[in-house]
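# Per-entry structural report
The chain contents come next:
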Amino acid sequence: MKGFLGTGAPFGADLNLVVQLIMGLALIAGVLLAKQKRYTAHGICQTTVLLLNLLMIGLVMWPSFQQQVKPALSKVLHKWYYEAAMIHAVLGIGAELLGLYIIIVAGTNILPQWLRFKDWKLWMRTELVLWAIVLVSGVGTYCAWYLAPFR
């Protein structure tokens, strides 16, 4: 199905781009909640974004990667639009895994004490910076695939 942003992208890619940008804004709102010491609201906001992102990965990004990028990796990794997708995927996996780790540490007692971090601000800020990089690389991937001349 054709997208709605007028770029030639499929609907899923357009929807994912818009959802990712909204989630980026929600992450900033979550930071503001933490600065106001509203930690429960902060946790709910950030966890919701992380889980929604996991859903978008499963419904849009992973299938797209499997269909468009993975089959071509061994032959065309030197082309920038495949490189953009690979860089975004690697960074995104790192950000999602770190986010899941933070949620497990913050919201459960599953992990033993020696696997739990103590410097909350460092880990949260690291995740926010990594997420911002992934968001920018995702927009770059969208542009590489749907706005720039393709091949």
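The structure presented is a predicted model; accordingly, all values stated were derived computationally and were not measured. (Residues numbered from 1 in each chain as written. Predicted model: local features only at pLDDT ≥ 70, side-chain atom pairs only at ≥ 80, totals over all residues. Heavy atoms only, no water.)

All right, on to the overall build of the protein then. The helix and strand tally for the protein stands at 5 helices and 0 strands. Going residue by residue from the N terminus, the α and β elements of the protein occur as α-α-α-α-α. Projected onto its principal axes, the C-alpha positions of the protein cover 50 × 30 × 20 Å. Of the contacts made within the protein by residues no fewer than 6 positions apart, 55% connect residues no fewer than 24 positions apart. For the protein, the exposed area adds up to about 9300 Å²; of that, 73% sits on carbon and sulfur atoms. Placing the 12 positive and 5 negative side-chain charges of the protein at their respective mean positions leaves the two points 3 Å apart. (Helix = DSSP H or I, 4+ residues; strand = E, 2+ residues; numbered from the N terminus. Contact = heavy atoms within 4.5 Å. Areas by Shrake-Rupley, 256 points an atom, 1.4 Å probe, with all protein chains shown as cover. Lys, Arg positive; Asp, Glu negative; His and termini not counted. Charge placed at Lys NZ, Arg CZ, Asp CG, Glu CD.)

Let us now look at the confidence of the model for the protein. Of all residues in the protein, 93% attain a pLDDT of 70 or more, and the chain-wide mean is 90. The weakest mean pLDDT in the protein belongs to helix 3 (residues 73-76) at 64; the strongest belongs to helix 1 (residues 11-35) at 96. (pLDDT = per-residue confidence, 0-100.)

Taken as a whole and assessed by the stated rule, the structure comprises 7 aromatic pairs. Geometrically, the ring pair formed by Tyr101 and Trp123 is edge-to-face, given 6.2 Å between the ring centres and 65° between the ring planes. On the criterion of sequence distance, the pair formed by Tyr101 in helix 4 (residues 80-107) and Trp123 in helix 5 (residues 120-146) is long-range, its members being 22 residues apart. Assessed through its relative accessible area of 26%, Tyr101 is described here as partly exposed. For Trp123, a relative accessible area of 31% translates into the label partly exposed. Three or more aromatic residues joined by ring pairs form one cluster here, namely Tyr101, Phe117, Trp120 and Trp123. (Phe/Tyr/Trp six-rings, centres within 6.5 Å; stacked < 30°, edge-to-face > 60°. Buried < 20%, exposed > 50% of the residue type's maximum accessible area, 1.4 Å probe, protein only.)

Moving on: a nonpolar patch on the surface. A contiguous nonpolar surface patch, about 500 Å² in accessible area, is contributed by Met1, Phe4, Leu5, Phe11 and Leu15. Tracing the chain through its elements places Leu15 in helix 1. (Patch = residues over 30% accessible without salt bridge, like charges linked within 9 Å, V, L, I, M, F, W, Y side chains within 5 Å. Salt bridge = Lys/Arg side-chain N within 4 Å of Asp/Glu carboxyl O.)

Summarising the element assignment, Leu27 is placed in helix 1. With relative accessibility at 8%, the residue Leu27 sits in the buried group. Remark: the alpha-carbon pair of Leu27 and Leu50, spanning 23 residues in sequence, is separated by 9.3 Å. Once residues within four sequence positions are removed from consideration, Leu27 is found in contact with Gln46, Val49, Leu128 and Trp131.

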